[in-house]
Amino acid sequence: RVDFEDVSITENTRVAYPLKFIPNARIPAKVDHHPKQIVLLTCDAFGVLPPISKLTQEQVMYHFISGYTAKVAGTEEGVKEPEATFSACFGAPFLVWHPSVYAEMLAAKLDKFGADAYLVNTGWVGGPYGTGSRCSLKYTRQLIDAIHDGTLKALPDSEWEEMPIF
């Protein structure tokens, strides 16, 4: 019998179950089209990144390769305050090739299928941890919905503030 409350091995538990257990699952779990939007999630503990960024192809490659996020309390053993971490392509332990190979494949797919890409910050805004505010789950969901329903794509470029440093 598995004890899902046991944290002796890891605090960050994973579980797998058949898709048929999910009432609205698409079975078979495949689609006959490519995504129209790519969303990279990051948790910025330093309050530097805006809540959402519309990325150029070069920026997508950069953020994908860097895999920047933060370890936060409750997701990693021993973490009491957020700390920066980097994992190439947001999955470094699982990469067979150099991260640039995957970034170039991603860029080629974005170009071929015309998909937009966004970086969504689920971390802090208005200042770092302890000073700024954590992006609420409600707000983050609204941003993701605006990506998927086309609201953000419909915005003119003048509605986006260009930040050359990124």
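Conventions we followed
Residues numbered from 1 in each chain as written. Predicted model: local features only at pLDDT ≥ 70, side-chain atom pairs only at ≥ 80, totals over all residues. Heavy atoms only, no water. Patch = residues over 30% accessible without salt bridge, like charges linked within 9 Å, V, L, I, M, F, W, Y side chains within 5 Å. Areas by Shrake-Rupley, 256 points an atom, 1.4 Å probe, with all protein chains shown as cover. Salt bridge = Lys/Arg side-chain N within 4 Å of Asp/Glu carboxyl O. Helix = DSSP H or I, 4+ residues; strand = E, 2+ residues; numbered from the N terminus. 1 Å grid on protein atoms, 1.4 Å probe; cavity = no way out; pocket = protein on both sides within 12 Å on 5 of 7 lines; lining within 4 Å. Points joined across faces, edges and corners; volume = space filled by probe spheres on them. Nonpolar A, V, L, I, M, F, W, Y, C, P; charged D, E, K, R; others polar. Phe/Tyr/Trp six-rings, centres within 6.5 Å; stacked < 30°, edge-to-face > 60°. Buried < 20%, exposed > 50% of the residue type's maximum accessible area, 1.4 Å probe, protein only. Lys NZ or Arg CZ within 6 Å of the ring centre and 35° of its normal. Expected span 1.5 Å × (residues − 1). Arc of directions from axis to C-beta. Contact = heavy atoms within 4.5 Å.

## A look at a nonpolar patch on the surface
- A grouping of Val2, Phe4, Val15, Tyr17 and Phe21 is seen on the molecular surface, where their side chains present a nonpolar patch of about 580 Å² in accessible area.
- Of note, valine 2 is situated in the segment before β1 (37–42).

## As for the layout of surface pockets
- The volume enclosed by the largest pocket comes to roughly 490 Å³.
- For the largest pocket, the lining is made up of 18 residues, of which Lys54, Trp160, Glu161, Glu162 and Met163 are closest to its centre.
- Going through the elements one at a time, β2 (52–55) and α1 (57–66) are the ones with two or more residues in the lining of the largest pocket.
- It is β2 that provides the largest number of residues to the lining of the largest pocket, a total of 4 residues.
- Taken together, the residues that form the lining of the largest pocket break down as 9 nonpolar, 4 polar and 5 charged.

## Brief notes about the packing of aromatic side chains
- With the rule as written, the count across this model stands at 4 aromatic pairs.
- Ring plane angle 40° and centroid distance 5.4 Å describe the contact between tyrosine 68 and phenylalanine 86, whose orientation is recorded as tilted. On the criterion of sequence distance, the pair formed by tyrosine 68 in strand β3 (residues 68–71) and phenylalanine 86 in strand β4 (residues 83–86) is long-range, its members being 18 residues apart.
- You can call tyrosine 68 buried: its relative accessible area is 13%.
- Here the aromatic rings of tyrosine 118 and tryptophan 160 are separated by 6.3 Å at their centres, their planes lie at 40°, and the arrangement is tilted. With tyrosine 118 in strand β5 (residues 116–121) and tryptophan 160 in the segment after α3 (137–148), the pair connects residues that are 42 residues apart, well separated along the chain.
- Overall, the relative accessible area of 1% leaves tyrosine 118 in the buried class.
- One Lys or Arg, arginine 134, reaches over the ring of tryptophan 124 and ends 4.8 Å from the middle of that ring.

## A short note on unusual backbone geometry
- Cis geometry marks the peptide bond from isoleucine 27 to proline 28; its omega dihedral reads 0°.
- Structurally, proline 28 can be placed in the segment before β1.
- With a phi angle near 55°, cysteine 89 is a residue other than glycine that sits in the positive phi range.
- For cysteine 89, the position within the fold is in the loop between β4 and α2 (99–113).
- Given a relative accessible area of 10%, cysteine 89 falls into the buried group.
- In this structure, phenylalanine 90 is a non-glycine residue whose phi angle is positive, near 55°.
- Tracing the backbone shows phenylalanine 90 in the loop between β4 and α2.

## Focus: α2
- Its 15 residues give α2 an end-to-end C-alpha distance of 21 Å, which sits within 8% of 21 Å, the value for a rise of 1.5 Å per residue.
- Those residues of α2 that sit buried are Pro99, Tyr102, Ala103, Leu106, Ala107 and Leu110. Taken down its axis, α2 places every buried residue within 135° of arc, on the same side. Away from the buried face of α2 by more than 90 degrees, exposed residues Asp111 and Lys112 are located.
- Packing partners of the buried residues in α2 comprise β1, α1 and β5.

Function-wise, these values are silent; they only describe arrangement.
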